[in-house]
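Residue-level listing of the chains:
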Amino acid sequence: MDIDLNIVYAEVEKLCSSDSTGHDWWHIRRVTALALKIAETVNACLQLVELAALLHDADDWKLTGTETDYPNTRKIMADAGADSMLTDTVIRIIGQVSFKGAGVDTTTDCPEAQVVQDADRLDAIGAIGIARAFAYGGAKGRAIFTPQQKPVNHQSFEEYRNSNGHTINHFYEKLLLLKDRLNTDYARRIAQERHSFMEYFLVRFFSEWNEPFRT
Ligand code: ADP
Ligand code: NI
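Reading the values: rules and limits
Starting afresh in each chain, residues are numbered from 1 along the sequence in its written order. Note on labels: chains are lettered from A, ligands numbered from 1, in written order. Residue-level local features of this predicted model are given only where pLDDT is at least 70; pairs of side-chain atoms are given and counted only at 80 or more, and the full residue set underlies all totals for whole chains, interfaces and linings. Based on all heavy atoms of the structure, the side-chain values leave hydrogens and waters out of the count. Comment: axis = line fitted to C-alpha atoms, over the contacting stretch for helices; angle = value between 0 and 180 degrees taken between N-to-C directions. Under the scheme used here, helices are H or I runs from DSSP no shorter than 4 residues and strands are E runs no shorter than 2 residues, and both carry numbers assigned from the N terminus. With the far helix as reference, a near helix turned anticlockwise by less than a right angle produces a left-handed crossing, and one turned clockwise produces a right-handed crossing. Residue contacts are defined here by distance: any two heavy atoms, one from each residue, within 4.5 Å place the two residues in contact. Polar here means any residue outside two lists: the nonpolar Ala, Val, Leu, Ile, Met, Phe, Trp, Tyr, Cys and Pro, and the charged Asp, Glu, Lys and Arg; Gly therefore counts as polar. Only protein chains enter the accessibility calculation, which uses a 1.4 Å probe; a residue is then buried when its area is under 20% of its type maximum, exposed when over 50%, and partly exposed in between. Think of the arc as the fan of directions from the helix axis to the C-beta atoms. For Phe, Tyr and Trp, rings pair up if their centres lie within 6.5 Å, where Trp contributes its six-membered ring, and each pair is then called stacked (planes under 30 degrees apart), edge-to-face (over 60) or tilted (otherwise). Two limits define a charge over a ring: the Lys NZ or Arg CZ must be within 6 Å of the ring centre, and within 35 degrees of the ring normal. Any residue with a heavy atom lying within 4 Å of a molecule or strand is counted as near it. Any pair of nitrogen or oxygen atoms within 3.5 Å is treated as a polar contact; in protein, a donor-acceptor pairing is required on top of that, and neighbouring residues in sequence qualify only through side-chain atoms on both sides. The rule for donors is simple: N, O or S, within 2.8 Å of the metal, or within 3.2 Å if the metal is Na, K or Ca. Water isn't counted, so a site may look like it is missing partners. Charged-residue counts in this description rest on Lys and Arg as positive and Asp and Glu as negative, His and the chain ends being excluded. Salt bridges, as used here, are contacts in which a Lys or Arg side-chain nitrogen is within 4 Å of a carboxyl oxygen on Asp or Glu. To estimate the expected span of a helix, subtract one from its residue number and multiply by 1.5 Å.

**Considering the packing of helix H5 (residues 71–79) against helix H6 (residues 84–94)**
Viewed as axis vectors pointing N to C, H5 and H6 meet at an angle of 145°, and their least axial separation amounts to 10 Å. Crossing hand, H5 versus H6: right-handed. When H5 is examined against H6, the residues Thr 73, Arg 74 and Met 77 are found in contact with a partner set consisting of Leu 86, Thr 87, Asp 88, Val 90, Ile 91 and Ile 94. Tallied by class, residues from the contact of H5 with H6 come to five nonpolar, two polar and two charged.

In structure tokens:
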């Protein structure tokens, strides 16, 4: 159906323009552009991919603080002229995108969700992923690193959502796991170098951390 994508771009930009948790407008722009690229390598509907990518964080619990029935997404889709069937389809895709803990299955059921999930996960790793993780940690008042606090293998979304660990743990609890949880060959290829870069970052981080204490 005909919907006004410009309205979606403008309203999402307004919604996340002041975000400082790493879920800002440029995260949305990167994920959307990358998702459209990945979509061309598989048989996914480009309109659904673009809408789901643009709106994938609009009602995310990390930003809104609650799990609600997608009020921002519903409003923006309605403003853009979408009917309830298209809106529900986009919401069904968005609902499958997020990581929910190391031990939680986030398998997707359609190519559109696979593509948006891959694009979102690629933006969580590599140099940008590192920057976003520390931005998120800072915005949520978390420490950079606390040596005595070990990573947790979260077995439920509840446990993952309520965790309050330091940001280095987030690498072990999520970021380093993502390269093996991608859906498309295109994303797996891009992920390799980004993953290696994070591993190198961590080697350097611990080396510099330990330097002052070495005898
Ligand atoms: P997802 O929905 O899969 O979590 P998002 O687009 O919402 O993906 O972005 C998640 C990003 O937010 C993470 O990759 C990370 O950069 C940041 N983040 C989330 N939780 C934490 C955390 N506990 N510590 C540090 N960063 C976090
Ligand atoms: Ni995102």
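**Regarding H5**
Burial in H5 covers these residues: Thr 73, Ile 76 and Met 77. Buried residues in H5, looked at end-on, bunch into an arc of 100°, giving them a common side. Considering only its buried residues, H5 is in contact with helix H1 (5–16), helix H3 (46–55) and H6. Positive backbone phi, approximately 95°, marks Gly 81, located one or two places after H5.

**Observations regarding the packing of aromatic side chains**
Within this structure, the stated rule accounts for 13 aromatic pairs. Both rings, one in Phe 145 and one in Phe 206, keep their centres 5.3 Å apart while their planes meet at 75°; by these two values the pair is edge-to-face. Placement of Phe 145 in the loop between helix H8 (126–139) and helix H9 (157–162) and of Phe 206 in helix H11 (residues 185–210) is noted, with a sequence separation of 61 residues between them. Grouping aromatic residues by their ring pairs yields a cluster made of Phe 134, Phe 145, Phe 171, Phe 201, Phe 205, Phe 206 and Trp 209. Positioned over the ring face of Phe 157 is Lys 100, at 5.7 Å from the centre of the ring. Over the aromatic face of Phe 157 sits the side chain of Arg 161, whose NZ or CZ is 4.9 Å from the ring centroid.

**Things to note about the site of ligand 1**
Neighbouring ligand 1 are 17 residues; His 23, Ser 98, Phe 99, Asp 120 and Arg 142 lie closest to it. Within the side chain of His 23, an N or O atom sits 2.7 Å from an oxygen atom of ligand 1. Note that an oxygen atom of ligand 1 is positioned 3.0 Å from one of the side-chain N or O atoms of His 27. Its residues placed into classes, the shell around ligand 1 shows five nonpolar, five polar and seven charged.

**Details of the coordination of the nickel ion (ligand 2)**
For the nickel ion (ligand 2), every protein donor is listed as His 27 (NE2), His 56 (NE2), Asp 57 (OD) and Asp 120 (OD), and the spread of their distances is 2.1 to 2.3 Å. Read from N- to C-terminus, the donor residues coordinating the nickel ion (ligand 2) fall into the pattern H-x28-H-D-x62-D. Taken together, the positions of His 27 in helix H2 (residues 25–39) and Asp 120 in helix H7 (residues 111–122) put the pair 93 residues apart, joining distant regions of the chain. Both residues of the pair, His 27 and Asp 120, count as buried.

**Some details on the side chain of Glu 50**
With respect to the helices, strands and loops of the structure, Glu 50 is situated in helix H3. Buried and unpaired, Glu 50 has no salt bridge, with Arg 29 as the nearest side chain of opposite charge at 8.6 Å. Among the polar contacts listed, one links the side chain of Glu 50 to the side chain of Tyr 9, at a separation of 2.6 Å. Filtering out sequence-adjacent residues up to four positions away, Glu 50 remains in contact with Leu 5, Tyr 9, Thr 32 and Leu 36.

**Here's the deal with unusual backbone geometry**
One non-glycine residue, Tyr 70, lies in positive phi territory at about 55°. With respect to the helices and strands, Tyr 70 occurs in the loop between helix H4 (61–64) and H5.

**Description of H1**
Side chains three or four residues apart in an α-helix point the same way, a direct result of the helix having 3.6 residues per turn. Relative to the 16 Å expected for twelve residues at 1.5 Å per residue, H1 spans 17 Å between its end C-alpha atoms, a close match to the ideal helical length. Every buried residue of H1 is listed here: Val 8, Glu 11, Val 12 and Cys 16. Down the axis, H1 shows its buried residues gathered within 115° of arc, on one side only. In this structure, H1 carries Asn 6 and Lys 14 as exposed residues pointing more than 90 degrees from its buried face. Elements in contact with the buried residues of H1: H2, H3 and H5. Capping the start of H1 is the job of one residue whose side-chain oxygen sits 3.0 Å from the backbone nitrogen of Asn 6: Asp 4.

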